[in-house]
Protein chains: 2
Amino acid sequence: IVCRSKFDLATVYVSDAQYNRNIFFDTSPQAVRLYLLYNHWFMQMLVYVFIIINLALALFEDPAVVPLPIWATSTIEIICLSAFTVRMVHYAKVIPRDKFWKDPKNICIIVIVTLSFIDLTIYGALKATGYFAIRWSRVLRPLLLVNVTEGRQLRRAFRSIRNALPQISYVFFLFMFSVLVFSLMALKLFGKRGLLTIDGSPYFTNYLDIVFDLYVLVTTANSPDVMMPAYNYSVFFTVFFILYIVINTYTFMSFFLAVVYNNYKKYLKEEVRQLVKARRFKMCRAFSLLQETRGEGGEPVVTQAKWNHLVKLVKPNISIAHRELLWSVLDDQNKGHIGKIAFVQLADLLSIQVITVKSQPHPIQICFPSVYNSSVSRFIRYMVRTRVFVYVYDLIILVNAVFIGLDEENPVVSNAEWGFLALYMLEIILKLYATEPRAFFARHHFWNWFDTIIIVSALFGTIINSALKHCYTSRQILDIVFILRVVRLIRLVDSIKRFRAIINTLIKIGPTILTFGQLIVVVYYIFAMVGMELFKGKVQFFEPNSTSPDQEYCGNPLLKGTTFAKLNYCKNNFNNVVSSFIVLLELTVVNQCGFTAVTHVSARIFFVLFHIVVVIIIINIFVAFILEAFLVEYTFDKSDLQTSLEKKIEELELNVQQYVPFGPPIKLFSIASFCC
Amino acid sequence: IVCRSKFDLATVYVSDAQYNRNIFFDTSPQAVRLYLLYNHWFMQMLVYVFIIINLALALFEDPAVVPLPIWATSTIEIICLSAFTVRMVHYAKVIPRDKFWKDPKNICIIVIVTLSFIDLTIYGALKATGYFAIRWSRVLRPLLLVNVTEGRQLRRAFRSIRNALPQISYVFFLFMFSVLVFSLMALKLFGKRGLLTIDGSPYFTNYLDIVFDLYVLVTTANSPDVMMPAYNYSVFFTVFFILYIVINTYTFMSFFLAVVYNNYKKYLKEEVRQLVKARRFKMCRAFSLLQETRGEGGEPVVTQAKWNHLVKLVKPNISIAHRELLWSVLDDQNKGHIGKIAFVQLADLLSIQVITVKSQPHPIQICFPSVYNSSVSRFIRYMVRTRVFVYVYDLIILVNAVFIGLDEENPVVSNAEWGFLALYMLEIILKLYATEPRAFFARHHFWNWFDTIIIVSALFGTIINSALKHCYTSRQILDIVFILRVVRLIRLVDSIKRFRAIINTLIKIGPTILTFGQLIVVVYYIFAMVGMELFKGKVQFFEPNSTSPDQEYCGNPLLKGTTFAKLNYCKNNFNNVVSSFIVLLELTVVNQCGFTAVTHVSARIFFVLFHIVVVIIIINIFVAFILEAFLVEYTFDKSDLQTSLEKKIEELELNVQQYVPFGPPIKLFSIASFCC
């Protein structure tokens with residue numbers, strides 16, 4: 001039993017090292033077993049399900065997309081909050097008490113859950129007695145995403161932002177100083193000239209208005225409108241705006257990027273160093289659990305038997321060939337045991353994804369060997385593997401693209417679609433004939449999966465569509481069929497080598513983009529909650545065929561005659577969480593803020609704050625990340641470990657195909673620091 | 001005479017090394033003297049004057065800002081072209097014939113000058129006979145700026161762009177593929193739904209229109225307008241636009257920056273390596289001219305006497321102290337002669353700017369020693385040097401800022417201005433009292449110069465203004481006075497250390513920004529010339545008080561009811577070179593192109609091309625440059641040479657203050673690769 005608990009503990013250390021978990025758990029056998037349960041994928045998934053349900057409540061709470069009664073949403077929220085509490089209690093059982101209370105993320109979760117309960121009670125009580133109430137704790141919800149144990153990557157992203165903040169703020173203050181000085185100059189130059197804007201309001205007469213207008217000019221949203229009255233008055237005034245744009249829009253915005261990028265790089269190096277150190281430390285702990293001393297005064301070692309048992313526990317579904325390969329890399333001299341230095345590399349070795357391709361005979365070859373080995377069959381298999389086959393299908397895709405562009409109501413075009421579908425199906429069948437099906441559908445063959453799924457779905461869609469056509473035309477099915485048809489064209493990218501390299505970079509940084517997605521969701525959710533409380537119902541959207549006279553000014557007389565109403569932006573409102581998110585996306589792209597017209601001028605603060613947080617900080621971090629990922633891609637170096645693994649594979653002449661999804665292990669961190 | 005010509009040649013080599021000139025000139029004494037004349041600052045300035053005159057001709061040629069008769073502009077152009085020809089002939093005399101014809105920039109200039117003469121003749125002849133004619137050779141004019149010998153930095157910038165082009169084009173093709181696929185999907189999804197844009201025209205029904213609209217969405221110019229009809233129809237369609245924006249606007253645009261930045265860095269390293277190599281080679285040539293062998297089989301050396309003579313020739317106005325300092329750095333062991341390795345460093349040493357500050361007594365101290373050394377005087381001088389003095393004046397500036405913001409027609413405010421002017425004058429006088437005037441106005445004391453010029457001009461302006469006030473109010477003088485008042489506030493930046501660091505970085509990259517300025521001028525000029533031929537007179541601007549009925553649609557019935565006319569953009573036209581440049585600037589900020597309404601749809605190609613060249617390539621190079629400059633600033637290391645120079649200064653206890661404007665020599669290249 002002692003032995004089993006030792007292996008359990010060692011397994012935990014190795015997998016913590018592999019996944020870069022940094023939890024100081026209790027090492028008693030009971031706590032270790034609880035810890036294994038805590039890290040079980042099902043438990044982790046469950047937490048995310050509850051978080052998503054909790055966040056999704058915004059869809060049903062007032063102002064709702066689909067209104068649900070308060071008792072229903074409250075019940076769901078209580079279930080979610082209870083789930084978080086249970087998870088927290090579980091965590092408290094796993095780690096020592098003093099560690100638990102020192103960890104800020106635990107305190108955060110407890111505070112959030114407590115405040116949510118309090119808010120829920122107050123809100124329920126106030127609503128029941130008919131008073132006005134605000135669900136202010138909803139702003140805290142996305143913070144759970146950051147503070148759960150699994151939110152490591154997201155926390156790292158936030159830490160990276162926090163570290164960059166002091167530097168950013170210096171540049172920001174200088175930038176604001178520049179905006180303020182320019183605004184003062186604008187006030188002095190244009191204020192007394194009696195110019196009018198296109199709306200007929202006085203131009204550049206109020207200092208704070210000027211500051212806001214010039215700030216918006218940095219986002220390029222009101223260019224060239226803000227310049228036109230001065231330009232129409234005299235061409236010399238454009239010098240003012242040109243200077244402003246060069247200094248603030250271009251130079252300062254580049255400076256922000258530079259500061260963020262610089263901090264990102266600096267922080268990344270530090271982070272990688274710490275991760276490597278922690279990983280090493282954990283592997284050493286695991287080693288000391290399993291070590292034994294060979295002979296008198298010999299170095300402590302781990303035997304192959306123990307090592308095999310450990311690897312089986314860490315990665316239950318590892319193939320024997322793969323395990324033996326790893327061992328032969330570590331135990332280079334076939335001693336039957338390895339020292340500490342070799343043992344520590346295990347975590348890195350496990351991160352290198354090695355795909356074992358069993359060279360099995362084709363099923364048809366087994367069933368009908370004579371047919372499969374006939375000269376015709378061999379010729380077909382040969383042809384499918386040539387470049388000509390690829391070119392022919394590229395040409396077919398191009399022709400298909402033209403046909404898609406044509407009017408599908410033309411019978412020739414709609415019949416041609418069947419032809420194309422047949423050709424694509426033929427391609428898949430031919431490829432399946434030439435390649436062993438299990439190899440064809442191996443996990444790393446992205447494009448094979450892509451093709452098959454798209455083509456088969458398109459086939460089903462087209463069949464369903466033409467079956468239903470005689471009764472009625474379903475726009476939805478037709479839409480899906482159209483999307484599938486167009487998506488098919490993407491395959492063309494895979495045929496061009498240069499494109500493939502770019503796409504591979506994109507796929508590699510995919511997981512990190514997901515972390516950014518979470519970051520964006522957190523920030524958007526907070527702004528959406530605040531925005532909804534501030535602006536809900538201020539702007540109304542009327543269906544296009546409505547006859548209401550309010551339609552012209554989005555149901556708010558204050559918008560009468562504004563560009564906002566004229567351009568029919570009524571649907572850009574904060575009336576529910578979905579449209580809030582869309583408005584916030586629009587604000588990210590270009591800062592258009594007609595909302596200040598319908599509320600107090602101070603609402604502008606909301607928009608400026610959003611711009612600072614999202615555009616200046618988060619988008620720049622995103623760009624910095626892509627820059628770094630790209631530069632690392634182009635200075636690609638294989639790590640020693642990977643080289644020795646490859647050498648081993650060659651030496652042993654194993655039929656093992658290597659596939660590294662994120663570059664070499666150390667590079668792995670530097671590409672995907674957020675994602676591992 | 002042989003000796004003199006040797007020194008001449010050595011001087012040329014050293015100064016070529018110092019300024020990174022790479023001209024393989026003829027080494028005959030006569031050619032060397034011609035070469036010295038060729039590189040004379042006056043000749044170089046003259047070339048730029050002629051280039052500017054030649055470019056400025058666009059102001060006077062049809063369509064002109066100030067129309068001049070054809071004979072006048074033609075005569076000026078012929079003078080300019082002749083000047084370039086003379087310069088070319090001079091250059092041909094300086095370098096060997098075969099080198100001359102192998103250099104593409106010489107061929108370029110000859111072709112440009114020849115084509116300009118031909119175009120001028122044809123244009124003159126056609127105009128004289130009353131035919132329609134186009135001055136097509138005007139497009140070539142800015143290329144002279146690139147191809148003159150002095151345009152080294154600009155050529156380097158263009159080379160860097162050319163080197164990045166293949167890489168950029170792969171990403172660009174993939175990006176265009178993505179735009180085309182998205183457009184096809186948009187056509188299929190929205191084309192048949194009968195949606196209408198805000199103008200009432202059908203929405204997303206023509207494939208090429210969709211491609212253009214979606215391309216413009218990448219520039220964020222038509223967001224969210226392009227999305228609104230689909231969004232109003234169904235909220236689910238926003239998914240299409242969100243995907244499009246995330247992929248094309250954010251990811252691809254970041255990719256472009258990454259590709260440009262990566263190439264810029266790669267190219268920079270190569271460029272610096274070559275520059276260092278060429279510099280070394282030239283210094284070795286200079287050494288071999290002046291070397292002599294000491295003793296039997298000794299190493300060749302250069303004596304101090306020869307070195308002194310050389311340095312005096314290279315830098316005629318160098319102080320004796322400075323020259324001796326440099327010698328003592330090179331001749332570390334006081335041998336009286338230096339070897340090749342030490343000699344080669346001369347060019348780098350000369351690049352380190354060393355300022356000799358003579359500690360002279362204050363003029364007042366000489367004239368009235370008793371007054372200057374009295375305890376009151378000493379107290380004043382002490383006070384002026386404390387931080388308190390700076391803080392008091394920072395406060396005064398802040399109060400002044402508030403007063404500037406107030407209405408200047410209020411007598412209290414306008415009288416307060418006199419008070420502030422008096423306070424500022426007092427500050428300068430006190431500082432001049434505390435510091436020796438020549439030291440106060442030393443060349444590197446930027447802020448002292450800044451203060452004095454601004455305050456004295458403001459004083460004169462205010463006096464003139466109040467003198468004239470009784471007769472009439474001159475808006476121009478008042479404007480200048482206002483600008484001077486506001487500019488004064490910038491001084492506040494210098495008091496905050498963090499800000500000063502950022503400003504210093506900005507000042508350091510100033511020269512390179514000038515190179516970008518030239519780059520922008522070249523590209524803008526070419527696009528302006530083409531744009532003027534395509535769009536001149538299509539859009540008319542009417543003075544605001546005009547009563548013409550055409551005013552509403554900018555004098556072009558095609559613009560009736562368009563947003564372009566509604567927003568009163570009439571002055572954004574290509575009717576002369578100044579407004580063309582302003583339109584192009586607006587297009588750089590956000591791509592608004594109402595011009596396609598007044599001409600053929602194919603005019604869109606002009607706008608897309610401009611966006612690709614300026615925004616995707618040049619702005620990204622600018623951002624890449626700022627990024628690199630910033631990163632180098634933050635990983636600041638002093639070169640060995642600079643350290644030894646500083647050590648020498650300390651050793652010798654020389655009263656020499658060191659001032660390095662661009663960082664250490666080697667860093668110098670990497671910061672200011674374009675500017676040196």
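You'll find chain A entered in an unreviewed UniProt entry as Two pore segment channel 3, with Cyprinus carpio carpio given as the organism.

Student: Explain the domain arrangement of chain A here, please?
Tutor: Quoted interface sizes are often the accessible area lost when the parts come together. Split by domain assignment, chain A resolves into domain 1 (24–148), domain 2 (156–351 + 636–663), domain 3 (363–495) and domain 4 (510–634). Relative placement of domain 3 of chain A and domain 4 of chain A: their C-alpha centres are 41 Å apart.

Student: Explain the relation of the copies chain A and chain B here, please?
Tutor: Two chain copies, one operation linking them: a rotation about an axis together with a shift along it. Here chain A sits on chain B after a turn of 180° about the axis and a move of 0.0 Å along it, with an RMSD of 0.1 Å. Those values place the two copies in the arrangement expected of a two-fold rotation axis. Proximity to the rotation axis, assessed at the C-alpha, singles out Ala221 of chain A in chain A; its C-alpha lies 4.0 Å from the axis. When the interface residues of chain A are mapped onto chain B, 100% of them are again interface residues, pointing to one common binding face.

Student: Please explain the confidence of the model for chain A as it appears in this structure.
Tutor: Predicted coordinates in regions of low pLDDT should not be interpreted in detail. Chain-level pLDDT for chain A is 83 on average; 91% of the residues reach the 70-or-more range. Note on residues 654–676 of chain A: pLDDT is under 50 here. Beyond four places in sequence and across chains, it has 77 contacts.

Student: Quick question: what am I supposed to make of the sheet that holds strand 2 (residues 300–303) of chain B here?
Tutor: Strand pairing within a sheet occurs via backbone hydrogen bonds; the two strands may be parallel or antiparallel. All names here are of chain B. Taken together, the 3 strands give an open sheet; going across it, the order is 1-2-3, and neighbouring strands pair in antiparallel fashion. Every interior strand has two partners, whereas the edge strands, strand 1 (292–293) and strand 3 (337–338), have only one. Two elements, strand 2 and strand 3, share 2 bridges in a ladder whose sense is antiparallel. In the sheet register, Val302 faces strand 3, and the bridge partner there is Ile338. Along the sheet face, helix 11 (residues 238–290) touches strand 1, strand 2 and strand 3 and points at about 80° away from the line of strand 2. Against the sheet, helix 12 (residues 304–314) engages strand 1, strand 2 and strand 3, with an angle of about 60° to strand 2.

Student: What is the right way to read the nonpolar core from this model?
Tutor: Among soluble globular proteins, nonpolar side chains are generally buried collectively. Among the nonpolar cores identified, the biggest contains 367 residues, and Phe241 of chain A together with Phe241 of chain B are the most heavily contacted of them. Excluding its chain neighbours within four sequence positions, the residues that come into contact with Phe241 of chain B are Phe190, Tyr203, Phe204, Leu214, Leu217, Val226, Met227 and Ala230 of chain B.

The rules behind these values
- Residues numbered from 1 in each chain as written.
- Chains lettered and ligands numbered in written order.
- Predicted model: local features only at pLDDT ≥ 70, side-chain atom pairs only at ≥ 80, totals over all residues.
- Heavy atoms only, no water.
- Domains from an automatic or database assignment.
- Least-squares fit on C-alpha atoms with pLDDT ≥ 70 in both.
- Contact = heavy atoms within 4.5 Å.
- pLDDT = per-residue confidence, 0-100.
- Pairing = 2+ DSSP bridges.
- Helix = DSSP H or I, 4+ residues; strand = E, 2+ residues; numbered from the N terminus.
- Axes fitted to C-alpha atoms, helices over the stretch in contact; angles between N-to-C directions.
- Core = buried A, V, L, I, M, F, W, Y, C linked by side-chain atoms within 4.5 Å.
- Buried < 20%, exposed > 50% of the residue type's maximum accessible area, 1.4 Å probe, protein only.

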